Amino acid sequence: MRLAEAWRVALDALRANRLRSMLTMLGVIIGVAAVVALVAIGTGTKQQIENQVEGLGSNLLIVVPGRLEAGSAPTSSPLTLDDLDVVNRAVGDRSRVAVTIASGETVRAGTRTGYASMQGVLETTPTVFVRRLDRGAYFTRTDVSTGRRVAVLGAGVARDLFGDRDPIGRQLTIGGVRFRVVGVFQQLGQSLGVDRDGEVHVPVTAAQRLLGTERIDGLAIRAPDRDRIGDLSTAVVAALAERHPDTDFSAVTQEQILGVLGDILGVLTGVLAAIAGISLLVGGVGVSNIMLVSVRERTREIGLRKAVGARPRDIGVQFLLEAVLLTTTGGILGMALGAGTALLVDRLSPVPAAVTWWSMALAFGVSAAVGIVFGVVPAQRAGRLDPVVALRTE
Amino acid sequence: MSAIEATDVSRTYELDGVSVQALRGVSLTVEPGDYLAIIGTSGSGKSTLMHLLGGLDRPTGGTLLIGGRDVARLTPNEMAELRNTTIGFVFQSFHLLARTTAQDNVGLPLVYRGAGRRERRDRAAAMLDRVGLGHRITHRPNQMSGGEQQRVAIARALVTGPSVLLADEPTGNLDSATGSSVLSLLESLVDEGVAVVLVTHDRDVAARAHRQIRMKDGRIVETR
Ligand SMILES: Nc1ncnc2c1ncn2[C@@H]1O[C@H](COP(=O)(O)OP(=O)(O)O)[C@@H](O)[C@H]1O
Ligand SMILES: [Mg+2]
């Protein structure tokens, strides 16, 4: 029997039972749609986070006290601004070094109050991390060395405290201490439900006085090029370890952060796809079931086909193709449904989704495989039917 | 060479440990151009014999040659090919595929020899013409009378040019006038050298054959 003819017979059989074919396909459609949509959401989230981490700028090295391994106790930082000299010397360019001390503080302007993440930093921060201003200017080296109480507001903080008014030159209090606004950041938006526009940058010296401490939480260094990251990392960690022999220091690069995040999200996406895959499997069982019913219903037809010369294989192939046609048609419809759902989610909700070709190809391949796997038993049963018994069946 | 040669053929069914001897040593030769009627009471083994003669089943004892080939030595695929090339079956209940046109029903055996759609349709149309249904090629079984359906079935049996046509009670579901015209059609094949073997309950039908065999309890008890 020619393959084209076998396809035609399979298609006719499915058309003859339109409603039943549709209902059987539904299991596969839902399974494939779930795989495609969930993988799209996982991939979209991963891409969004990667974009944000890359948005920090390349060749970034972050140095913090303590170990970055899971389960290690948080270390209280022994770092102070006095450590900056050795770091600057190791890096060779102080404009490439940034420090932070962070604290959540209540902010107030007039009658409006809010909550912000206060970041005590150096004037180098906008160049080390790529941060652009919407209005005003960042504070200067002099502001830092004199501990001037000036602040650069995140877009969200500016909106909450000043509304439509221009905040530049106005006063606010941070933790009850009065500061003057000199700049406002460009809006960044949300990432994983965290508002990134809720920061207030102030000179590190002013922040330390406000918090009553000398400490800094960590350092960030922008290497001039990728090849120097390794050397810089070693040099900086060694310099700091010499000054603080009792403390471990960890240096992480942007690539490492991306790698770890990528791994976590990859696993998450895989788990989602596997859960969706189970529903595809359930769809396959439905196909198997309906094919067995179909073989029983068409016993006489099978007997007749054998009487006129069909080989066991011809009959088996016919039923196998029927199962594969059922699941691949369901697979294509499921791909369309899943991609459509992903696009809607991406457009209408804050959850990002990116439909990928590999997930579509995989879903289609798996649905074809499901047809073969779950069609084999009914097909074999049909192929082996004794024609005499089949013809006698009423 | 005889078209079919059965020597001391038996067929025993095993059912839940009980064996049913449907055929107990049947010897029979079918020559090209033979016109043979098999009669006998219900359960005497007529259908069982027909299935063996047509290569749908294998004997459990004796030897059976179809087209000179010993069916005991044939694989299932070779048996299928044998049925496709040398045998034509006609059944009491027609066994046409529903929702399929007369033309495609007749062309069905050609599917299993790899013929293309055009060739199948041409040959099926010619064969339907031959059985007097040239004007009904696009009709489906439920749009045709019993006599017409049986003619379609005969056209299907003939489309491969078989040397033996086996008909198990071909007139059993038809009124006598329609049955008679179906028989005339079969008899015209005999004149062309096709061997026709038919099973019947009807003495008048049997009387038209050149040779009659009466069966009882799985044996041939009378030959005329
Ligand atoms: N598949 C089978 N299993 C068991 N017994 C069978 C089977 N087919 C036929 N028989 C038995 O074989 C005998 C002959 O049956 P059959 O050839 O159909 O008779 P006929 O066609 O003359 O009425 C009967 O007793 C029947 O019950
Ligand atoms: Mg019978």
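No experiment lies behind these values; they were computed from the predicted model shown.

Caption draft 1: Spatial organisation of the site of ligand 1. Residues in contact with ligand 1, as listed here, are Arg392 of chain A together with Tyr13, Leu15, Ala22, Thr41, Ser42, Gly43, Ser44, Gly45, Lys46, Ser47 and Thr48 of chain B. The environment of ligand 1 is shared, with nearby residues belonging to chains A and B. Contacts to ligand 1 include threonine 48 of chain B, whose side-chain N or O atom sits 2.5 Å from an oxygen atom. Contributions of two or more residues to the shell around ligand 1 are made by strand S1 (4-15) and helix H1 (46-53) of chain B. Of the residues forming the shell around ligand 1, the biggest block, three residues, is contributed by H1 of chain B. Among the residues making up the shell around ligand 1, the classes are represented as three nonpolar, seven polar and two charged.

Caption draft 2: Fine view of the packing of aromatic side chains. With the rule as written, the count across this model stands at three aromatic pairs over all chains. Ring centres of tyrosine 138 of chain A and phenylalanine 185 of chain A lie 6.1 Å apart, and the angle between their planes is 50 degrees; on these two criteria the pair is classed as tilted. Highlighted residues: tyrosine 138 of chain A in the loop between strand S4 (133-136) and helix H5 (141-146) and phenylalanine 185 of chain A in strand S7 (residues 177-185), separated in sequence by 47 residues. Like tyrosine 138 of chain A, the residue phenylalanine 185 of chain A is buried in the burial classification. For the pair phenylalanine 89 of chain B and phenylalanine 91 of chain B, a centre-to-centre distance of 5.8 Å together with 10 degrees between the ring planes defines the contact as stacked. The pair phenylalanine 89 of chain B / phenylalanine 91 of chain B is uniform in exposure class, with both members buried. In this structure, arginine 131 of chain A is placed above the aromatic ring of phenylalanine 185 of chain A, and the distance from its NZ or CZ to the ring centre is 4.1 Å.

Caption draft 3: Focus on the UniProt feature "transmembrane region" (unreviewed entry) in chain A. All names here are of chain A. The UniProt record marks residues 21-42, 264-294, 315-337 and 357-377 with the feature "transmembrane region" (unreviewed entry), using the residue numbering of this structure. Span residues 21-42 is 100% helix and 0% strand, its end C-alpha atoms 32 Å apart. Secondary structure content for residues 315-337 is 100% helix and 0% strand, and the end C-alpha separation is 33 Å.

Caption draft 4: Expanded view of the pairing of strand S6 (residues 171-174) of chain A. Residue and element names in this part refer to chain A. Alternating residues of S6 divide into Leu172 and Ile174, all buried, and Gln171 and Thr173, none buried. Judged from the two bridges that link them, strand S2 (residues 97-109) and S6 form a sheet pairing that is antiparallel. Residue pairing across strands places arginine 108 opposite threonine 173, the latter belonging to S6. With four bridges joining them, S6 and S7 adopt antiparallel strand pairing. Looking across to S7, one finds that threonine 173 is bridged to arginine 178. Remark: two residues form the turn of the hairpin made by S6 and S7, two consecutive strands paired antiparallel; glycine 175 in that turn has positive phi of roughly 55 degrees.

Caption draft 5: Local environment of the sheet that holds strand S4 (residues 61-66) of chain B. Residues and elements named next belong to chain B. Taken together, the four strands give an open sheet; going across it, the order is S2-S1-S4-S5, and neighbouring strands pair in antiparallel fashion. Taken across any chain shown, the strands that pair with only one partner, and hence form the sheet edges, are strand S2 (18-30) and strand S5 (69-70). The sheet contacts of H1 involve S1, S2 and S4, and relative to S2 the element is tilted by about 60 degrees.

Caption draft 6: Representation of the side chain of aspartate 83 of chain A. Residue and element names in this part refer to chain A. With respect to the secondary-structure elements, aspartate 83 resides in the loop between strand S1 (60-65) and helix H3 (84-91). Of note is the side chain of aspartate 83, whose polar atom sits 2.5 Å from the side chain of arginine 243. The residues touching aspartate 83, leaving out its near neighbours within four places in the chain, are Pro78, Leu240, Arg243 and His244.

Rules used in this analysis
- Residues numbered from 1 in each chain as written.
- Chains lettered and ligands numbered in written order.
- Predicted model: local features only at pLDDT ≥ 70, side-chain atom pairs only at ≥ 80, totals over all residues.
- Heavy atoms only, no water.
- Near = heavy atom within 4 Å.
- Polar contact = N/O pair within 3.5 Å; in protein donor to acceptor, adjacent residues only side chain to side chain.
- Helix = DSSP H or I, 4+ residues; strand = E, 2+ residues; numbered from the N terminus.
- Nonpolar A, V, L, I, M, F, W, Y, C, P; charged D, E, K, R; others polar.
- Phe/Tyr/Trp six-rings, centres within 6.5 Å; stacked < 30°, edge-to-face > 60°.
- Buried < 20%, exposed > 50% of the residue type's maximum accessible area, 1.4 Å probe, protein only.
- Lys NZ or Arg CZ within 6 Å of the ring centre and 35° of its normal.
- UniProt positions renumbered as here; feature names shortened; annotations may be inferred.
- Pairing = 2+ DSSP bridges.
- Contact = heavy atoms within 4.5 Å.
- Axes fitted to C-alpha atoms, helices over the stretch in contact; angles between N-to-C directions.

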